[in-house]
Amino acid sequence: MSSIALPSSISRTRTASRTNREPALVRWLLTALALAFLFGFLFLPLTVVFTQALGKGWAAYGAALIEPNALSAMWLTVLAAAIAVPLNLVFGIAAAWAIAKFEFPGKSLLMTLIDLPFSVSPVVSGLIYVLLFGLQGWLGPWLQEHDIKLIFAVPGIVLATIFVTFPFVARELVPLMQAQGTEEEEAAIVLGASGWQAFWRVTLPNVKWGLLYGVILCNARAMGEFGAVSVVSGHIRGMTNTIPLHVEILYNEYNSAAAFAVASVLALLALVTLAAKSILEWRIKQQTVDRS
Amino acid sequence: MSIEINDVEKSFGRFKALKNITLNIGSGELVALLGPSGCGKTTLLRIIAGLEAPDSGSILFYGEDATNRHVRERQVGFVFQHYALFRHMTVFENIAFGLRVRPRGQRPSESEIRRKVHDLLNLVQLDWLADRYPGQLSGGQRQRIALARALAVEPKVLLLDEPFGALDAKVRKDLRRWLRRLHDELHVTSVFVTHDQEEALEVADRVVVLNEGRVEQIGTPDEVYDHPETPFVYHFLGDVNLFHGRVHDGHARIGETQVDLTGGSDHPESAIFYVRPHEIEILRDGGGTGTIAAKIRDIRPLGATVRIELERIDDRGSVEVELTRDQFGRKGLSEGDKVYLQPKRLRTFDGNTKRETTLEAVNR
């Protein structure tokens, strides 16, 4: 494998250098355009978030963050992510394993279904749950009879978060596992390993960086999700508000300093995610370089 | 351990990969499964290993039915074509893997594992690579580590899938001689798959030639090379020239030429004669009977031998002749020369019985 991979990578860099002979002006123009775009759409808003958040001083910033409703929103966000991410981790590994290592009827259907949350508007995903579990929904009367409250309550928020974030881990792992093939697992089995041992000792270590990458993206989305959660939440302060919903409420009340203060927490989370993502990308690249 | 393969069949969808394969492999033998790609040789190897299940037929290990035995319990060592080393483990851990995954009761102690792995590393002469990762090794080194890993579980049978396929020519030659010596030392029953006839002839005790899911011939390297049972085997094991003609009354007729024979039955209708490039003599002059007139089209020196391509004067196709450097030097041939070809040995196959007959030309 390696002896084939090496020459192709050399030729790839060669063609790249040959085709990269654009005039200097074009190169500068394109780079400047990209930078201007980044500045206008990413850096500027980020600065605005932090300047606005600190507009009334550090004390007001701190107060907005430790206010009970804000704390409750943060707690709910962490809770939803803490349930959704591990579940999607298990689901993602199971789905990727099945898709990458086995042939079965309905495989392409499964792959399409995994992508569904990406192609459906989050608001629609939220509405599906309202239509299913809401008071006027299909299962609403039955749930009410048994005194189970899903919609406009924490379970609904967790459900919506799981639905919206479930493609992330699977999407990350499927191509990785497909590229790795099944030879190493077969080698493990021939050497006497059980299926479980092959999974823990061979399959999982081989995909660990990709897996972590998927988890980080999944977590970022779980904490930042607005649309689907907004529909099922009911916006009950201190009860069913996540961070994004809390920001919206504060902003609608013209309490922009507090709104931006809470928003800055999400912005920080995004920055941490970006950093973690870059580190992981670098690690994954290192690993593939090692292997070739 | 001996292996018996009885009437094994395997299909993938509508494609019949193996048809009625019956084969016995003796204890301690080194057998090559030889054939072009798509002939089913790797499928057969995977069925012996238990990585695939046959649709019908049975596999016996040492006389015991092992058809339904799980891969884990077959005690086979398998060396994959691309080695399939565990890339996140060091060379040491790769080799130790088979010992570490054993159930607690049968697992050797850490010191024993250590000793065993180092013994194996010494056996494949790569002790100094214990702490490297597979990605840091050359192809030949990976291949030997893969072999050491397979041997760690003390397999009763060693199976190798195109063991030298991904290596360059020089390393390949060294490694196959090394594998032969290793086999002579360990005497473990081994089967390897290859599409390279030279490799099969050099390394194996016996060669199984496969084509389109069927066994064409089983025999020692000499048998399959010198007495191919079918035209396919003839073609596949080395280059061959074809002459159309007839056999009658003690001589073969090829076009206008009559070659006297020492024996052989009649093929009065028509026959195809198979002649290897080194079984043809080139004569500078001698336009009598028994020779085919031809013109030299191309001369290509290939190391120790010289390959000469000729065009028959009667326009019935081209002929390839192989001479040693010495012979070539003595004859002083050059492109465009008109010469005479004298086949020393002709082979022909009976269309009905598929039997091969060798016809020796009379030496004059």
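Everything here concerns the structure above.
Each chain has its residues counted from 1, following the order in which its sequence is written. All chains are assigned letters beginning at A, and all ligands numbers beginning at 1, according to the order in which they are written. Side-chain atom pairs in this predicted model are given and counted only at pLDDT of 80 or more, local residue features only at pLDDT of at least 70, and totals for whole chains, interfaces and linings cover all residues. Side-chain descriptors were evaluated using all non-hydrogen atoms of the structure, hydrogens and water having been removed beforehand.

> Break down the overall build of chain A for me, citing the residues and quoting the values.
Strands are runs of DSSP state E lasting at least 2 residues, helices are runs of H or I lasting at least 4, and numbering of each runs from the N terminus. A tally of regular secondary structure across chain A gives 14 helices and 0 strands. Along chain A, from the amino end to the carboxyl end, the secondary structure elements read α-α-α-α-α-α-α-α-α-α-α-α-α-α. The principal-axis extents of the C-alpha atoms in chain A amount to approximately 65 × 60 × 30 Å. Long-range contacts, defined here as pairs at least 24 residues apart, represent 72% of the contacts in chain A between residues at least 6 apart. Total accessible area computed for chain A in this model is approximately 16500 Å², and 72% of it derives from carbon and sulfur atoms. Should any heavy atoms of two residues lie within 4.5 Å, those residues are considered in contact. Accessible surface area values rest on a Shrake-Rupley calculation with a 1.4 Å probe, where residue burial reflects the displayed protein chains alone.

> Which residues make up helix α2 (residues 24-53) of chain A, and what are the values?
Under the 1.5 Å per step criterion, the end-to-end length of α2(A) is 42 Å for 30 residues, consistent within 8% with the ideal 44 Å. Along α2(A), the sharpest change in direction is near 40° and occurs at Phe39(A). Between the first and last residue of a helix there are one fewer steps than residues, each counted as 1.5 Å, and that sum is the expected span. The angle separating two fitted axes, one through the seven residues that finish at a residue and one through the seven that start at it, defines the bend at that residue.

> Tell me what's going on with the interface of chain A and chain B, and back it up with residues and numbers.
You'll often see interface size given as the accessible area lost when the parts meet. Taken together, the contact pairs 24 residues of chain A with 26 residues of chain B. Across the chain A/chain B interface, buried area totals approximately 2300 Å², and carbon plus sulfur atoms make up 58% of it. Criterion for a salt bridge: a side-chain nitrogen of Lys or Arg within 4 Å of a carboxyl oxygen of Asp or Glu. Here chain A is connected to chain B by 2 salt bridges. The definition of a polar contact used here is a pair of N or O atoms within 3.5 Å, where within protein one atom must be able to donate a hydrogen and the other to accept one, and adjacent residues in sequence count solely through side-chain atom pairs. Run the count over chain A and chain B and you get 6 residue pairs in polar contact (both at pLDDT 80 or more). Mapped onto the side of chain A that touches chain B, the elements with two or more residues apiece are α1 (2-19), α10 (183-190), α11 (195-224) and α14 (256-291) of chain A. Top element by residues in the side of chain A that touches chain B is α10(A). It accounts for 7 residues. Buried surface area refers to the total accessible area, computed with a probe of radius 1.4 Å, that the two partners give up upon joining, counted for both partners together.

> How would you sum up a nonpolar patch on the surface? Please name residues and give values.
Residues and elements named next belong to chain A. Patch building starts from residues that exceed 30% relative accessible area and form no salt bridge, then joins like charges within 9 Å and nonpolar side chains (Val, Leu, Ile, Met, Phe, Trp, Tyr) within 5 Å. Side chains of Leu35, Phe37, Leu38, Phe41 and Leu42 sit close together on the surface and give an oily, nonpolar patch of about 570 Å² of accessible area. Looking at the element boundaries, phenylalanine 37 is found in helix α2. Given a relative accessible area of 54%, phenylalanine 37 falls into the exposed group. Residue exposure (1.4 Å probe, protein chains only): buried if accessible area is under 20% of the type maximum, exposed if over 50%, otherwise partly exposed.

> Could you give me a rundown of the pattern of salt bridges, with the residues and numbers involved?
Residues and elements named next belong to chain B. Tallied over the full model, the rule gives 37 salt bridges over all chains. The residue arginine 345 makes a salt bridge to glutamate 279 at a minimum N-O spacing of 3.1 Å. Placement of the pair is arginine 345 in strand β20 (residues 345-349) and glutamate 279 in the loop between β14 (267-275) and β15 (280-283), with a sequence separation of 66 residues. Its relative accessible area of 21% is what places arginine 345 among the partly exposed residues. Residues joined by salt bridges that share partners form a network here, namely Lys173, Arg176, Arg177, Glu198 and Glu202.

> Report on the nonpolar core, specifying residues and quantitative values.
Throughout this description, the term nonpolar core refers to a set of buried Ala, Val, Leu, Ile, Met, Phe, Trp, Tyr and Cys residues connected via side-chain atoms within 4.5 Å. Ile95(B), Leu121(B), Ile145(B) and Leu147(B) are the most contacted members of the largest nonpolar core, which has 47 residues in total. In terms of residue count, the dominant contributor to this core is helix α4 (residues 139-152) of chain B (7 residues). For Ile145(B), the contacting residues outside a window of four places in its chain are Leu85(B), Val91(B), Ile95(B), Leu121(B), Leu126(B) and Leu137(B). Formed by 44 residues, the second largest nonpolar core is a distinct cluster that contains Ala188(A), Ala193(A), Ile47(B) and Val76(B).

> Explain the packing of helix α2 (residues 91-100) of chain B against α4(B) residue by residue, including any values.
All names here are of chain B. Axes here refer to lines fitted to C-alpha atoms; in helices the fit is confined to the stretch in contact. Angles between the N-to-C directions go from 0 to 180 degrees. It is the contact of α2 with α4, at a shortest axis distance of 7 Å, that shows an interaxial angle of 25°. Taken as axis vectors, α2 and α4 run roughly parallel relative to one another. Crossing of α2 over α4 shows right-handed handedness. Residues Val91, Asn94, Ile95 and Leu99 of α2 form the contact with α4, whose participating residues are Ile145, Ala148, Arg149 and Ala152. Residue classes in the contact of α2 with α4 are distributed as 6 nonpolar, 1 polar and 1 charged. Angle categories: roughly parallel below 35 degrees, roughly antiparallel above 145, roughly perpendicular from 65 to 115, and oblique for all the rest. Put simply, a crossing is left-handed when the front helix is turned counterclockwise from the back one by less than a right angle, and right-handed when it is turned clockwise. In this classification, Asp, Glu, Lys and Arg are treated as charged, Ala, Val, Leu, Ile, Met, Phe, Trp, Tyr, Cys and Pro as nonpolar, and every other residue, Gly included, as polar.

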